[in-house]
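# Remarks on the overall topology
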Amino acid sequence: MPIEKNELRRVMGHFATGVTIITTVNKEGQIHGFTANAFTSVSLEPPLLLISVDKKAESWPAFEESRIFTVNILADSQEALSRKFAVSGGNKFEGVAYRIGANRAPIIEGALAYIECTLWAVYDGGDHTVFLGEIQQAEVREERPLLFFRGGYRALGD
Ligand SMILES: Cc1cc2nc3c(=O)[nH]c(=O)nc-3n(C[C@H](O)[C@H](O)[C@H](O)COP(=O)(O)O)c2cc1C
């Protein structure tokens, strides 16, 4: 018998992760972004990473059509931003400091790192879609990361 949904969430929540805001831009030029921790490094040669986007997310169609996206890894000072981008609807970018990157997706100011990707492959992932991105450009700053563990935001303990 498959594991019950809430129990699955609880178990997976024991895997500590960083937190990202993944951004893109649709054909009409509207920018989109959402909070995500289903993000992992996949390959060095070629340089690939993956993200997993809920098919019910408002920004899902933009990811489908744009063929580019940017992963912004959040710093520990950006919890409020993470909460803001984890809610559907409205103009999430209002009042947020960002600039437009080389791939036309927003780069969030103050993020610990950003990674610009072009779409490499798309896989069905049940109620999510898995997007593999080929990394085109990336930059990192020496900041402390925002962490997520057991359903709550955390900071490094050291
Ligand atoms: C810490 C955290 C991690 C999340 N990770 C993901 C994820 O990897 N994929 C996803 O589709 N949604 C994830 N979500 C939920 C989305 O942020 C949320 O559904 C958001 O409202 C989607 O935005 P949209 O509907 O405007 O596209 C996460 C939420 C939080 C708080």
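Please read these numbers as outputs of a predicted model, since none were measured by experiment. In this convention, every chain numbers its residues from 1, walking through the sequence in written order. Since the coordinates come from a predicted model, pLDDT governs what is reported: local features require at least 70, and pairs of side-chain atoms require 80 or more to be given and counted, while whole-chain, interface and lining totals use all residues.

## Some words on the environment of Phe93
- Along the chain, the position of Phe93 falls in the loop between helix H3 (79–84) and strand S7 (98–100).
- Separated by 60 residues in sequence, Phe93 and Gly33 have C-alpha atoms that sit 8.3 Å apart.
- The contact criterion used is a C-beta to C-beta distance within 7 Å, with each C-beta placed from the backbone. Other than its neighbours up to four places away in sequence, Phe93 contacts Ile31, Tyr98 and Pro106. Only DSSP runs of H or I with at least four residues qualify as helices, and only runs of E with at least two residues qualify as strands; both kinds are numbered from the N terminus onward.

## Observations concerning the sheet that holds strand S1 (residues 17–18)
- Any two strands with at least two DSSP bridges between them are considered paired. The strand order across the open sheet built from three strands is S1-S11-S12, with neighbouring strands paired in antiparallel fashion. The open sheet has two edge strands, S1 and strand S12 (152–155), and neither has a second partner.
- Where S1 and strand S11 (residues 146–149) come together, two bridges link them in antiparallel fashion. Across the sheet, residue Thr17 finds its bridge partner in S11, namely Phe148.

## Description of the sheet that holds strand S4 (residues 39–43)
- With antiparallel pairing, the seven strands of this open sheet are ordered in space as S3-S2-S6-S9-S10-S5-S4. With one partner strand each, in any of the chains shown, strand S3 (31–36) and S4 form the two edges of the open sheet. The mean angle between the axes of side-by-side strands here comes to 35°, regardless of whether they run parallel or antiparallel.
- Where strand S6 (residues 68–73) lies against strand S9 (residues 113–125), six bridges are found, and the strand directions are antiparallel. By the bridge assignment for S9, Ile68 is matched with Thr118. A fitted line through C-alpha atoms serves as each axis, taken over the contacting stretch for helices, and the angle formed by two N-to-C directions is quoted from 0 to 180°.

## What to know about the site of the ligand
- Near the ligand you find 16 residues, and of these Ala38, Asp54, Ala57, Ser59 and Ser88 are the closest.
- Secondary structure elements with two or more residues in the shell around the ligand: S3 and strand S5 (48–54).
- Classification convention: Asp, Glu, Lys, Arg as charged; Ala, Val, Leu, Ile, Met, Phe, Trp, Tyr, Cys, Pro as nonpolar; all other residues, Gly among them, as polar. Tallied by class, residues from the shell around the ligand come to nine nonpolar, five polar and two charged. Placing the C-beta atom from the backbone, one calls a residue near a molecule or strand if that atom lies within 6 Å of it.

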